[in-house]
Amino acid sequence: MTMIIDGHMDLAFESLSEKRDYTRPVSEIRQSEPNNLDNQATVGWPEMQKGEIGIIFSTIFLLPPDQQTGEKIAGTSYDSPDECHASVSTQLDFYHRWQDQHPDKFQILLNRSALKMHLNRWETQPVHYPQQTNPVGLVILWEGAEGLRSYQDLDEYYERGMRIIGPVWGGGRWCGCGSDLKEVSFTPDGREFMQVMAEKGFALDIAHMNTRSANEALDRYEGVILASHCNCSAILKDFPNERHLADETIAHLMERDGVIGVLPFNGFLDTYWKSGDQRSKVTLSTLANHIDHICQIAGDSKHASIGSDADGGFGFPNIPEEMNDIQDLQKIETILLHRGYSPDDVLNIFNRNWTRILERILK
């Protein structure tokens, strides 16, 4: 198997909001949620090991005021800038607590030296679960920074491990959102925010931006830029919004030496997918089509990767037919090889492309 770097998982949010213990096996997590039939867990530490998930871009994600329903759970949402700061801090605490309590399982990667040591460990000590395991590296990404209290808070977040920021999720404070704000690009505050981010050394994630905003970001942003979890709009028939990337944006991102992580949510692979459909309707070959589309635009395999968004609002059975949990991402390798991709191409897609980005992000 080939080690995978996954560009997007909402580990802290799902752990807090769903009370999931991701140090446990997927089977145990599912057994603890007997009434959850439509969003079953796909992530557990044993499955990360069996699937050789070596590094995860692990997110800080908060529900904004207009998206909150039901019981309010501490650390997962905000109603004010102060509460946003408190919730971001809670999720940062979560990752640091994971690292402190389970140093054999999780390591926050803060710099290039730590990245090099981590990758060397995975290369020289192959996983043979459960006899031989390796810690999973965590690179912290803030998804949806609309609630930011102060630019000064970014210094604290950086010190505590945050390295990537996706400015937009569901609001329009900084720029247009892919789900509904097609005619809006960056606001004056958003352009200032980009400048501050670049000065402080954060990478910019264009996921969830609409096309105009993503293209402006690619024109303006002076730091590292990426798309952590997006598919290709050109091969999504009748998709109703700009959540995914247009070919012009993909090509523009390649000009910036960026990388796109594709995600295996059936609703983002088949516009007409609905819960309860036959799982054979969407397969890992469907996901591979998006990898292939990116590679065809590029003319090489240096810009496509994986950003699973695993358990980020969807889970089993709303994932491709061959997938039960995160370890099944490894099956993509066989599909790509059968399509004529080389083992070297698979290495690029599974880990080298994200490694190239991380070497630029981590100082």
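Refer to the preceding data block for the structure.
Residues numbered from 1 in each chain as written. Predicted model: local features only at pLDDT ≥ 70, side-chain atom pairs only at ≥ 80, totals over all residues. Heavy atoms only, no water.

Comments concerning the overall build of the protein
What counts, and what does not: Each helix corresponds to a stretch of at least 4 residues labelled H or I by DSSP, and each strand to a stretch of at least 2 residues labelled E; elements are numbered beginning at the N terminus. Radius of gyration means the value over C-alpha atoms here, while the globule rule gives 2.2 Å times the residue count to the 0.38 power. Burial classes follow relative accessibility: with a 1.4 Å probe on protein chains only, a residue under 20% of its type's maximum area counts as buried, one over 50% as exposed, and anything between as partly exposed. Any two residues whose heavy atoms approach within 4.5 Å are treated as being in contact. Only the protein chains shown count as cover for residues, with accessible areas throughout obtained via the Shrake-Rupley method and a probe of 1.4 Å. When charges are counted, Lys and Arg contribute as positive and Asp and Glu as negative, whereas His and the chain ends are disregarded. The location of each charge is read from NZ of Lys, CZ of Arg, CG of Asp or CD of Glu.
In terms of helices and strands, the protein carries 12 helices and 9 strands. In terms of C-alpha radius of gyration, the protein reaches 19 Å, essentially the compact-globule figure of 21 Å for 363 residues. Dimensions of the protein, computed from the C-alpha atoms along their principal axes, are close to 50 × 45 × 45 Å. Buried residues in the protein amount to 60% of all 363 residues. Contacts in the protein between residues far apart in sequence, at least 24 positions, make up 72% of those at least 6 positions apart. Within the structure as shown, the protein displays about 14,100 Å² of accessible surface, and the carbon and sulfur contribution to it stands at 47%. One way to put it: in the protein the 33 positive side-chain charges average out to a point 2 Å from where the 54 negative ones average out.

What to know about the nonpolar core
As a reminder, the rule being used: Take the buried residues of types Ala, Val, Leu, Ile, Met, Phe, Trp, Tyr and Cys, join any two whose side-chain atoms come within 4.5 Å, and each joined set is a nonpolar core.
One finds Tyr 95 and Trp 142 to be the most contacted residues of the largest nonpolar core, which totals 92 residues. Among residues more than four places away in sequence, those in contact with Tyr 95 are Met 9, Leu 11, Ala 12, Ser 58, Thr 59, Ile 60, Ile 108, Leu 138 and Ile 140.

Overview of unusual backbone geometry
The omega angle of the peptide bond from Tyr 129 to Pro 130 is 0°, so this bond is cis rather than trans. Tracing the sequence through the fold places Pro 130 in the loop between helix 5 (112-124) and strand 4 (136-143). Cis geometry is adopted by the peptide bond preceding Pro 317, which originates at Phe 316 and carries an omega value of 10°. Within the secondary structure, Pro 317 sits in the loop between strand 9 (304-306) and helix 11 (332-338). Of note, the phi angle at Lys 19 is positive, near 55°, even though the residue is not glycine. Looking at where Lys 19 falls in the secondary structure, it is placed in the loop between helix 1 (11-17) and helix 2 (26-31). On the basis of relative accessible area, Lys 19 is assigned to the exposed category, the value being 64%.

Quick look at the pairing of strand 4
Put simply, the test is: Strands are treated as partners if at least two bridges between them are detected by DSSP. Orienting the strands away from the viewer, one traces the path from the first strand over the helix to the second; a clockwise path indicates a right-handed crossover.
Taking burial as the measure, the 8 residues of strand 4 include 8 buried ones, the bulk of the element. A two-sided burial pattern is seen for strand 4, the buried positions comprising Val 136, Leu 138, Ile 140 and Trp 142 on one face and Gly 137, Val 139, Leu 141 and Glu 143 on the other. As paired elements, strand 3 (residues 106-108) and strand 4 share 3 bridges and run parallel to each other. When the sheet's bridge partners are listed, Ile 108 is paired in strand 4 with Leu 138. Taking the sense of rotation as the criterion, the β-α-β connection linking strand 3, helix 5 and strand 4 turns out right-handed. Across 4 bridges, the pairing between strand 4 and strand 5 (residues 162-166) is parallel. Bridging across to strand 5, Leu 141 finds its partner in Ile 164.

Description of the packing of aromatic side chains
We describe a pair of aromatic rings using the distance from one ring centre to the other and the angle between the two ring planes. Here is the rule: Centre distance within 6.5 Å is the pairing criterion for rings of Phe, Tyr and Trp, where only the six-membered ring of Trp is used; planes under 30 degrees apart are then read as stacked, over 60 as edge-to-face, and the remainder as tilted. The rule is short: NZ of Lys or CZ of Arg within 6 Å of the ring centre and within 35 degrees of the ring normal puts a charge over the ring.
Following the criterion strictly, the structure yields 15 aromatic pairs and no others. With 4.8 Å between their ring centres and 70° between their planes, Phe 61 and Trp 169 make a pair best called edge-to-face. Linking Phe 61 in strand 2 (residues 53-61) with Trp 169 in the loop between strand 5 and helix 7 (188-200), this pair joins segments that are 108 residues apart in sequence. Between Phe 265 and Phe 268 the ring centres are 5.0 Å apart and the planes differ by 75°, which places this aromatic pair in the edge-to-face class. An aromatic cluster of three or more residues is present, and its members are Phe 94, Tyr 95, Trp 98 and Phe 106. The ring centre of Trp 45 lies 4.7 Å from the NZ or CZ of Lys 105, which sits over that ring.

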